[in-house]
Amino acid sequence: MISLEGKVALITGASRGIGKAIATDLAKAGIRLALNSSTEKSIEETRRELVKLGAEILSCPGDLADSGTPEVLIDRVVGHFGGIDILINNAGVAIPKPIVETSIEEWDLHMAVNARAPFLLSRGAIPYLKKSDAATIINISSVVGYKGYINQGAYTASKHALMGITKVLAQEVHQDDIRVYTIAPGGVFTDMVSKMRPDLDTSELIKPKEISDIIMFILTHRGNAMIDQINVHRFSNTPWI
Ligand SMILES: NC(=O)c1ccc[n+]([C@@H]2O[C@H](COP(=O)([O-])OP(=O)(O)OC[C@H]3O[C@@H](n4cnc5c(N)ncnc54)[C@H](OP(=O)(O)O)[C@@H]3O)[C@@H](O)[C@H]2O)c1
């Protein structure tokens, strides 16, 4: 196990749900955090809670649907902390709709936030990650990163795109000892799942903290073993389906 004390992580979508759980665990490990969500207002509660834990936090609000935001975020993080060790591409949007009812604007929004922003943030962070001894990119994909669910066409396409970026990037930065992972969960108890899958029994949903536990395992076990992709499903779901 390695110590993460003093490392710098940029986490997108840290205002609630999975991103907030990840931010909380990383803060407890002594990692200095740059936290993004779409607005100053939405990130403020997480910032305040984590500062109370004694964490060093930089708020980095910015709309990831805007193609200029990732560069601004990287500049801000590096300007403040002097580098980046860990990038967690977690922010995501999902609008439940059949493909025939999906507008161009909705399609573009999914692609911009779920696929283009992780690409641009990774591209911007790599020069700094190359200088780190704990360089890690974690992309939060989804079960629809490798399967397809009805009424989730644009979301599914964007998560497949994210999976594609992950597979290629992991190879391209391998020689720089930058480790690139994807986590592909399904059915985590957040705002997103209540919108996408109101049919699910909430008592059976995965807790956001269970996803952040997996991330802490990845970050602290930097040995010769490498896990490229972690698929996480609800225990109540049939295994291997
Ligand atoms: N929940 C699940 O069952 C599940 C399953 C598989 C994968 N995932 C993935 O897990 C990740 C986190 O999802 P979640 O369930 O925690 O969702 P959530 O509770 O809806 O939170 C979404 C987060 O993304 C941020 N975000 C959304 N649009 C943004 C934008 N344009 N610019 C910047 N930030 C933006 C939100 O910030 P604001 O508060 O400012 O809106 C919020 O922090 C997503 O990538 C999602 O696709 C979730």
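Everything below is about the structure printed above this text.
No experiment lies behind these values; they were computed from the predicted model shown.

## Notes on the sheet that holds strand β5 (residues 136-140)
The sheet built from seven strands is open, its strands ordered β3-β2-β1-β4-β5-β6-β7 with parallel pairing. Both edges of this open sheet fall to β3 (57-59) and β7 (229-232), since each of them pairs with a single strand only. Taking each pair of neighbouring strands and ignoring which way they run, the sheet shows an average axis angle of 15 degrees. Across four bridges, strand β1 (residues 8-11) lies against strand β2 (residues 32-35) in parallel orientation. Opposite leucine 10, over in β2, you have alanine 34 as the bridge partner. Sitting on the sheet, helix α1 (residues 17-28) is in contact with β1, β2, β4 (86-89) and β5, with an inclination near 170 degrees to β1.

## Here we look at α1
Here α1 is twelve residues long and its end C-alpha atoms lie 17 Å apart, about the 16 Å a rise of 1.5 Å per residue gives. Of all the twelve residues making up α1, ten are buried; the element is thus mostly covered by neighbouring parts of the structure. For α1, the set of buried residues is Ile18, Gly19, Lys20, Ala21, Ile22, Ala23, Thr24, Asp25, Leu26 and Ala27. For α1, the elements touching its buried residues are β1, β2, α2 (40-52), β4, β5 and α7 (208-220). Backbone geometry just after α1 places glycine 30 at a positive phi near 85 degrees.

## Here's the deal with the environment of glycine 30
Structurally, glycine 30 is set in the loop between α1 and β2. Residue classification places glycine 30 among the partly exposed positions, given a relative accessible area of 23%. Along the sequence, glycine 30 and glycine 54 sit 24 residues apart, while their C-alpha atoms lie 8.7 Å from each other.

Scoring rules and cut-offs
- Residues numbered from 1 in each chain as written.
- Predicted model: local features only at pLDDT ≥ 70, side-chain atom pairs only at ≥ 80, totals over all residues.
- Heavy atoms only, no water.
- Pairing = 2+ DSSP bridges.
- Helix = DSSP H or I, 4+ residues; strand = E, 2+ residues; numbered from the N terminus.
- Axes fitted to C-alpha atoms, helices over the stretch in contact; angles between N-to-C directions.
- Contact = heavy atoms within 4.5 Å.
- Expected span 1.5 Å × (residues − 1).
- Buried < 20%, exposed > 50% of the residue type's maximum accessible area, 1.4 Å probe, protein only.

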